[in-house]
Each structure stands twice: as structure tokens, then as C-alpha cells.
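A look at the structure
The residues making up each chain are set out below.
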Amino acid sequence: MSAKRVIGGESTVGRALRGIAASRKASFAGAICLILILAAISAPVIAPQDPYDLTEIDFFDSRLPPWSESRDGLIYVLGTDTQGRDMFSAMLYGLRTSLAVGVTAGVLALLIGTALGLVAAYLGGRWDNFIMRFVDLMLGFPTILVALMILVIFGQGTWKVILALVFVQWAYFARAVRGTALVEAAKDYVEAARCLGLSTSRILFGHLLPNCLPPLIVIGTIQVASAIAAEATLSFLGIGLPITEPSLGLLIANGYQVLLAGLYWMSIYPGLLLLVLVFSINIVGDRLREVLNPRLAT
Amino acid sequence: MTVSLIHAKDVSKRFTRTSDLAERAAIWLGAMKPPGTVHALDRVTLTIEKGEVVGLAGESGCGKSTLGRVIAGLLPPSDGTVEWQGEDVAKLSRAEARRMRLATQIIFQDPMSSLNPRLRVQNIIGEAPLFHGLIKRAQARRYVAELLERVGLDPDHATRYPHQFSGGQRQRIGIARALAVNPELLICDESIAALDVSIQAQILNLFMGLRRELDLTLLFISHDLSVIRHISDRVVVMYLGRVVETAATDLLFDAPAHPYTRALLDEVPTIDRRARRFAPIEGEIPSPIAPPTGCHFHPRCRYAEPLCAKAVPDLRPVAAGRLSACHLAEDILSASATKHGERSCASAR
Ligand SMILES: Nc1ncnc2c1ncn2[C@@H]1O[C@H](COP(=O)(O)OP(=O)(O)O)[C@@H](O)[C@H]1O
Ligand code: SF4
Ligand SMILES: [Mg+2]
């Protein structure tokens, strides 16, 4: 009875949280994610300095190594960049931008991919063929290459980066949702819903979708990490976000220019933060995959 | 004359698997054979009168579920018409079509997959009547409780999820869900086949009780003849997409008028006299993609004549209230009747 309850009963979210709590590695990674998310949200409050307020930046403090002290007594824990910005503050703001872009892109891709995947599975036939051929095409191209092409064609900008990321990511969601929805749509409860005269949208979103949640949560988590990494890559290459909203990737790129001059802190610390962020999200994602959908392969 | 509740006339249903682009290329290049067409229903005519319990029998794959789904309006027929109370269903207005759709409900076989595992029982049962405005939101709790009671479940369990119930209880939930939209016809598609034998009897009794209380009409689909015999007023026997025999239950079981029915009824001797078991018929069920010519049953029929492989036997009256699709129906019927006579003599002795 208790085994039965664990398998079918708990809500998907409950199962996910319990699964994470049961693994020490995943709980640790989850805690880090949580801390980073909180830090990003509260960046304007906890950052010692607003790195984009020119009145707060002292150009004479540029290129200071970690633990240097400013003239008005502020300690630059992680040093300053070439403009005299506090690296720690810049990284908090960069984390904020990276997470915002990654999560926005992930959520939009999830919404679009899910809707298309459900439609393909439920309507079948022509719709299915058309949508899935497009998905195959998208999955066939390397993510970064497609995103690069889009940005080269349409130019830079935060929303353009997000759109490029959504464009290359929705297909993963569509494929996963369609697979699960096909299995679910063949079950009698869907036939019963049709027999009860419920509308197509009600069946799709009220009955099929809730039963497709597990793979969505898993893929959603992993795709957010991958969106953050992709955005960092684009920004590093100089075609990502504009300089007015530097993400971690842009900080790394800026620091990289002076790395060989021995000013390591400007690129290494943002790099480490990005690594920890992406790595933690992926560990959580892998754990979710184990708990929610053991057979799911990406 | 009163109109029948359901009149399916010459209904055919063909399934052709659609091939996608890659497959079409493969077929064009000769690397694949074009997909075959399954004739799931071949000019089936079936009438159901109001208040009747009609048993639909036949081996698995003969088209019973397909016929049920066509009658329920879930599948459009490839050919032929379905009339609901004398009106062609295909020509109904939207509102009428919806009313008819709700008036026919299906009770499914698998008590696990027929309930949405993510919904509470109160939502499973209450969703459709709310959606169609049959009840108001404030009434929903009361309405669901009444339905749960009606099917023999504890109304306090309305907030539970399906997995917290046994197979028999889940089947009762499925019945309550169907009753929630005030149906007139219940199509029970192997509704008790997946349950324990002890539970089967309970659910059968529930169906019979509901039929009496709610004046329901039942189309009871089963491959199990003892169940069909127990519950039906009239039996329809199908073979490979065609109706082969129709008769009142007693008449059909006493003296079948079709060799296929006769073969189905050949009993396996059992120690327990009350238990009836029926032997499977010898020979493979032919593929529905390439069914035999003439009478579909001829490769397995003991009485087959040369004519049987050439001409399709019509479903025709052979006695009062009896239809059979066999060239030799009259002979089979009289042979059955004699055999039955012998059998009752034997049991009398
Ligand atoms: N959606 C479908 N697509 C293709 N073939 C189908 C479909 N549904 C049923 N069939 C075929 O139609 C025939 C009749 O099936 P069915 O009505 O389920 O039989 P039964 O309920 O008597 O076991 C079978 O050969 C089955 O494979
Ligand atoms: S028509 Fe011929 S083959 Fe078919 S059931 Fe009758 S006797 Fe047998
Ligand atoms: Mg069936």
C-alpha cells in the first residue's frame, strides 16, 4: 500500500522535492541554486556598490586585486575591474542577468514546446508530421550555431538573445511532451473525456498536460542550465547581451582581455560562479530525472 | 410504432494507417509494402431498443469495441449511418449532437487507465456536468456524493485519488462518472473483464440495478459468453467485422442458428456443474487485413460448402426474431434444436 502510494499518489512537485532531499549531492546542489537565486534577486540590496551607477565608481580604484581597500573604506573582496568597479557587485548583477535570461528563455521555450508537442500528439496525422519534422530539423543543428546565425541576422539585444535561445530550445520540450502525451492519449481516460463531450483544449490542458509534467520539469531544469551556458557563450563571443546589461559571460569576456597581463580575478571569479551555477542546476536536473522519469533519455 | 434508441445501418469502418513522408518514399522505392486496410466493421446493422440489454459477443479483434465507439459517436463510420431515436447522427445540429453524445456513455475495461490519475474523484465525476452546465458549482459536492452512493461508494472518499481504490471500486467510479451526465445508453466494453471473479458479479449486479432504477439501455460487450448469457435480453454475435447471428438470449443459447455461435457454445466439461466454460474454436482467427472470401468463417467451419467461399451470406431472418448470416442457417438451427433436445433428455434422466 505504501509503495503504491509513493508511485501514483503524491503530486509531481512533492515527489521531486522528496527525491532531491533524499540525495545528499542533490540537496547540496539545490541549496547552492537556491542561494544563488536569492542572491541574484536581492543583488541591488546586498551588493556593496551599484556597478552601473557611474557616480559610485572611482576610476582610480581600477585593477585592484582582491581584498584591496577603497579610499572610503570599502573592501573589494574580489578586486575591481579595469573601470574600477567592485567585481563582487558586478558578479551579483551579472548573475542576475544570466539567470533572468536563462529562466525567461527556458520558460518561454517550455510553453511553446509543450503546446506544440501536445497538439502534435493529440491531433496526430498532418499536424504531427509537420511539427515533428520541424523539431527534427531544429534538433539536427548545433544549438550555438543556430543562435549565432539568428543574432548575426537580427542583431544584438536582450530580447533577441532570449528569442534565439527559445528558438533553439523549444524543440527539446516538444519532443519530450509529444512522447509522453502519445502514451497518455492512448489511455482510456482521454477517450472517456471525449465521450463526456469535454472540449479539445480542456482535454489537452486539463487532462493530458498534468500527466506530462514529470519530463517537463526534468527537461525544463536542464534547459535553463543550457540556456545560461549558451547565453554566456554568445556574450563571450561578443554577440550576446549589450554591454549595458553585462551577464557573467560578458564579465568573463572583459576579464579575459587582461588575463594574460596577470589580472586573473576579473575572469576567473565570474567563470567559477558560472560553472558552479550551471553545474548545480544540472545536478538537480539529473536527480529529478532519476526520481521522476528513470527511463527518460535526452 | 416506436422508434429504436439506436439503429446502425450498414455501418462499415476501415482503418488505414497513414504513412508519413519517409514511409511513402520507402513504399515508392519498393522497400516497403503499402499499409493494409483493416475492415474493422463490414456493413454492420444493429438495432437497440430502449430499455434493452444487448450482449455483443465475439472473439477479440472482431470489431466489438469499434462498433461501440461508432455508436457512441467517438468514431465516424466510413460508410453507413447511425440513427439515434430515428435521426441520422451525422446530420444533427451541434446542440443535438452534444446531447446525443452525452446520452451515450462508455464504461471501459481497464480500471487503471480509464481514470485520470491526477484528478480527485470529485473532479473526475463532477467535471463534465459542470462543464456542460448540468449542475451549478454550489451543487457539485452534493451531486458527486449522491452519485458515489448510487454506485456503492463512500461519499467521504470524494477527495481521494484513483490509486487509493481497488479495481472494483475504480470501476464504480468510472460508472459514476458516466452517470453524471444522465446517459440513456451505457456501452459496457469488457467492463468486468479485468476484475477478479468475485468482484465481477458485484459489478454485474450494479449494472442490473442501475438499469432498473434509471431505466437505462445497455450494450454489453464481452468475449465471455457466460457473462453475456447472464445479463443480456438479446445477443449479437460478431465475427471478423460482421454480425453473424442475432437472437433473444434463451433462443440463441438453446439452439444457435450459425456454425460460429455453435462452435462458441461448445462447452468445456467442468467438474462444477454451475460453472460454464466454453472451448476456443480450432484454427487461427484470420487476419482482418486479408479476410477470407465469401463467408469469413469458412476456413474454420465444419459445415462449409463450396458456395461458402464464393458468396457472402446475408444476415437474414431464419425464425421469428432471429437473424443468421449463414447459407445453411435453417439446417444448422434444426440440428441445434435436435441436439438441444437430446441434451435436455440426457439431463432429465
Ligand atoms: N485505431 C485503430 N487503428 C487501426 N486499427 C484498429 C484501430 N482500432 C481497431 N483496429 C483494428 O480493428 C479490428 C477490430 O478491433 P476492436 O474493435 O478493438 O475489436 P474487439 O473490441 O472486438 O477486440 C482489429 O483488427 C484492430 O486491430
Ligand atoms: S456460410 Fe458456410 S462457411 Fe459460413 S458459417 Fe455457414 S456453413 Fe459455415
Ligand atoms: Mg475490445
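Quick caveat: nothing in here was measured; it's all calculated off a predicted structure. Note on numbering: residues in each chain are counted from 1, in written sequence order. To label them, take the chains in the order written and letter them from A, then take the ligands in the order written and number them from 1. Only residues with pLDDT of 70 or above have their local features reported here, since the model is predicted, and side-chain atom pairs are shown and tallied only from 80 upward, although totals for entire chains, interfaces and linings are computed over all residues. Water and hydrogen atoms were dropped before computing side-chain values, which therefore reflect all heavy atoms in the structure.

As for the overall build of chain A
To keep things clear, this is the line we draw: Labels follow the DSSP assignment, with helices taken as runs of H or I lasting at least four residues and strands as runs of E lasting at least two, numbered in each case from the N terminus. Under the scheme applied here, a residue whose accessible area is under 20% of the maximum for its type counts as buried, over 50% as exposed, and between as partly exposed, the area being computed with a 1.4 Å probe on protein chains only. Only heavy atoms matter for contacts: two residues are in contact if any of them lie within 4.5 Å across the pair. Note on areas: these come from Shrake-Rupley sampling with a 1.4 Å probe, and a residue is covered only by the protein chains present in the view. His is not counted, nor are the chain ends; Lys and Arg add positive charge and Asp and Glu add negative charge. Charge placement uses NZ in Lys and CZ in Arg. For Asp and Glu, CG and CD serve respectively.
Across its full length, chain A holds 13 helices and two strands. Taken along its principal axes, the extent of the C-alpha atoms in chain A is 75 × 50 × 30 Å. For chain A, with 298 residues in total, the buried portion stands at 49%. A sequence separation of at least 24 residues applies to 70% of the contacts in chain A between residues at least 6 apart. Looking at chain A as shown, the accessible area adds up to about 14300 Å², and 68% of this sits on carbon and sulfur atoms. Side-chain charges of chain A comprise 21 positive and 19 negative groups, with the mean position of each set lying 16 Å from the other.

A short note on the interface of chain A and chain B
Which entries qualify depends on this criterion: Take the accessible area each of two parts loses on contact, using a 1.4 Å probe, and add the two losses: that sum is the buried area. Here, a salt bridge means any side-chain nitrogen of Lys or Arg that lies within 4 Å of a carboxyl oxygen of Asp or Glu. Distance and chemistry together define a polar contact, namely a pair of N or O atoms within 3.5 Å, with one atom able to donate a hydrogen and the other to accept it when in protein, and with adjacent residues in sequence counting only for side-chain atoms on both sides.
Listed by partner, the interface residues are 25 residues for chain A and 27 residues for chain B. Together, the buried faces of chain A and chain B total about 2400 Å²; carbon and sulfur atoms form 53% of this surface. Among the residues of chain A in contact with chain B, D188(A), C195(A) and L196(A) are the three that bury the most area, contributing 26% of the side total. Counting the contacts that link chain A with chain B gives two salt bridges. Its salt-bridge partner being R69(B), residue E191(A) comes within 2.6 Å of it at the nearest N-O pair. In this assembly, chain A and chain B are joined by twelve residue pairs in polar contact (both at pLDDT 80 or more). The set of elements that each furnish at least two residues to the side of chain A that touches chain B consists of α1 (2-9), α2 (12-22), α6 (125-140), α9 (188-195) and α10 (200-211) of chain A. A per-element tally of the side of chain A that touches chain B places α9(A) first, with six residues.

Regarding the pairing of strand β1 (residues 6-16) of chain B
Applied cut-off: For two strands to be treated as a pair, DSSP must find at least two bridges joining them.
Of the strand pairs in this sheet, β1(B) and strand β2 (residues 37-48) of chain B are connected by eight bridges, and their pairing is antiparallel. Bridge pairing links H7(B) to T47(B) in β2(B).

Describing the sheet that holds strand β5 (residues 87-88) of chain B
Strand pairing within a sheet occurs via backbone hydrogen bonds; the two strands may be parallel or antiparallel. Residue and element names in this part refer to chain B. The criterion, for reference: Here the axes come from fitting lines to C-alpha atoms, over the contacting stretch only for helices, and the angles between their N-to-C directions go from 0 to 180 degrees.
One open sheet accounts for four strands, arranged β2-β1-β4-β5; its pairing is antiparallel. Two strands bound the open sheet, and with one partner strand each, they are β2 and β5. Both β1 and strand β4 (residues 79-84) contribute to a ladder of five bridges, which runs antiparallel. By the bridge assignment, K9 is partnered in β4 with T81. Helix α2 (residues 64-71) rests against β1, β2 and β4 of the sheet, and its axis sits at about 60° to β2.

Observations concerning the packing of helix α5 (residues 87-123) of chain A against helix α13 (residues 265-292) of chain A
Residue and element names in this part refer to chain A. Defined as follows: By convention the crossing between two helices is left-handed if the near helix lies anticlockwise of the far one by an angle smaller than a right angle, and right-handed if it lies clockwise.
In the contact formed by α5 and α13, the axes pass within 11 Å of each other and the chain directions differ by 40°. Crossing geometry of α5 relative to α13 is assigned as right-handed. Each of M87, M91, L95 and L99 in α5 lies in contact with α13, whose residues at this interface are W265, M266, Y269, P270, L273 and L277.

Description of the site of ligand 2
To keep it simple, the criterion reads: Distances are taken per atom, and a residue is near a molecule or strand as soon as one of its heavy atoms is within 4 Å of it. The classification used treats Ala, Val, Leu, Ile, Met, Phe, Trp, Tyr, Cys and Pro as nonpolar, Asp, Glu, Lys and Arg as charged, and all other residues, Gly among them, as polar.
Residues in close proximity to ligand 2 total 13 residues, the closest being C295(B), C301(B), C308(B), C326(B) and H327(B). Of the residues assigned to the shell around ligand 2, the class counts are ten nonpolar, three polar and no charged.

Brief notes about the nonpolar core
Residues and elements named next belong to chain A. Put simply, the rule is: Definition of nonpolar core: a set of buried residues of the types Ala, Val, Leu, Ile, Met, Phe, Trp, Tyr and Cys, connected through side-chain atoms within 4.5 Å.
Of all hydrophobic cores here, the largest spans 46 residues; its most connected members are L118, V135, V161, L165, W170 and L208. A per-element tally of this core places helix α8 (residues 158-185) first, with 13 residues. In this view, V135 contacts W170, A171, A174 and R175; residues no more than four positions away in its chain are not counted. In terms of nonpolar packing, the next biggest core, distinct from the first, is built from 40 residues, M91, L95, V258 and L292 among them.

With respect to the pattern of salt bridges
The final tally for this structure, using the stated rule, is 20 salt bridges over all chains. Residue R242(B) pairs with D42(B) through a salt bridge whose shortest N-O separation is 3.0 Å. With R242(B) in strand β10 (residues 242-248) and D42(B) in strand β2, this pair connects stretches of sequence that are 200 residues apart. D42(B) shares its class with R242(B); the two are buried. Of the charged contacts in the structure, one is a salt bridge between R316(B) and E330(B), with a shortest N-O distance of 2.9 Å. With R316(B) in strand β13 (residues 316-319) and E330(B) in helix α12 (residues 329-348), this residue pair connects regions lying 14 residues apart in the sequence. Where salt bridges share partners, they join E191(A), R194(A) and R69(B) into one cluster.

Some points on the sheet that holds strand β8 (residues 217-221) of chain B
Residue and element names in this part refer to chain B. A sheet is described by the order of its strands in space; here eight strands give the open sequence β6-β7-β8-β3-β9-β10-β14-β13, paired in mixed fashion. Whereas interior strands pair on both sides, the edge strands pair on one side only; in this sheet they are β6 (104-107) and β13. For this sheet, the mean inter-axis angle between neighbouring strands, taken without regard to orientation, is 25°. The pairing of β6 with strand β7 (residues 185-189) spans four bridges and is parallel. In the sheet register, T104 faces β7, and the bridge partner there is L185. In the packing of helix α7 (residues 197-214) onto the sheet, the strands contacted are β3 (53-57), β6, β7 and β8, and the crossing angle to β8 comes to about 155°.

Side note on the site of ligand 1
Residues and elements named next belong to chain B. Around ligand 1, the neighbouring residues are F15, V38, A40, E59, S60, G61, C62, G63, K64, S65, T66 and P288. At a separation of 3.1 Å, an oxygen atom of ligand 1 approaches a polar backbone atom of G63. Between ligand 1 and S65 there is a distance of 2.6 Å, counted from an oxygen atom to a side-chain nitrogen or oxygen. When ligand 1 sits alone it has 560 Å² of accessible area, and the protein chains cover 63% of it. Those elements giving two or more residues to the shell around ligand 1 turn out to be β2 and α2.

What about helix α3 (residues 24-41) of chain A?
All names here are of chain A. The line we're drawing: Here the expected length of a helix is defined as 1.5 Å per residue gap, with one fewer gap than residues. The directions from the helix axis to the C-beta atoms are what the arc is built from.
A rise of 1.5 Å per residue sets the reference length of α3, with its 18 residues, at 26 Å; its end C-alpha atoms lie 26 Å apart and thus fit the reference within 8%. The complete set of buried residues in α3 reads A26, A29, C33, L36, A39 and A40. Buried residues of α3 fall within an arc of 155° about the axis and therefore sit on the same side. Opposite the buried face of α3, by more than 90 degrees, sit the exposed residues R24, F28, L34, I35, L38 and I41. Buried residues along α3 sit against α2, α4 (43-46), α5 and α13.

Brief notes about unusual backbone geometry
Positioned with a positive phi, E190(B) is a non-glycine residue whose angle comes to about 55°. In the Ramachandran plot, L240(B) falls in the positive-phi region, its phi being about 45° despite a non-glycine side chain.

A short note on the packing of aromatic side chains
The relation between two aromatic rings is expressed through the spacing of the ring centres and the mutual angle of the planes. All names here are of chain B. The cut-off we apply is this: Note on aromatic pairs: the rings of Phe, Tyr and Trp (six-membered ring only in Trp) are paired at centre separations within 6.5 Å, and the planes decide the class, stacked below 30 degrees, edge-to-face beyond 60, tilted for the rest.
Under the criterion given, the structure shown has six aromatic pairs over all chains. Ring centres of F207 and F220 lie 6.0 Å apart, and the angle between their planes is 85°; on these two criteria the pair is classed as edge-to-face. One end of the pair, F207, is in helix α7; the other, F220, is in strand β8, and 13 residues separate them in sequence. Across the pair, F220 and F207 agree in class, each one buried. Considering the side-chain rings of Y260 and F297, the 5.2 Å spacing of their centres and the 75° angle between planes classify their relative orientation as edge-to-face. Residue Y260 is found in helix α10 (residues 259-265), and its partner F297 is found in the loop between β12 (277-278) and α11 (306-310); the two are separated by 37 residues along the sequence. Classification of F297 as buried rests on a relative accessible area of 3%. Feature note: the residues Y239, Y260 and F297 constitute an aromatic cluster, connected by ring pairs.

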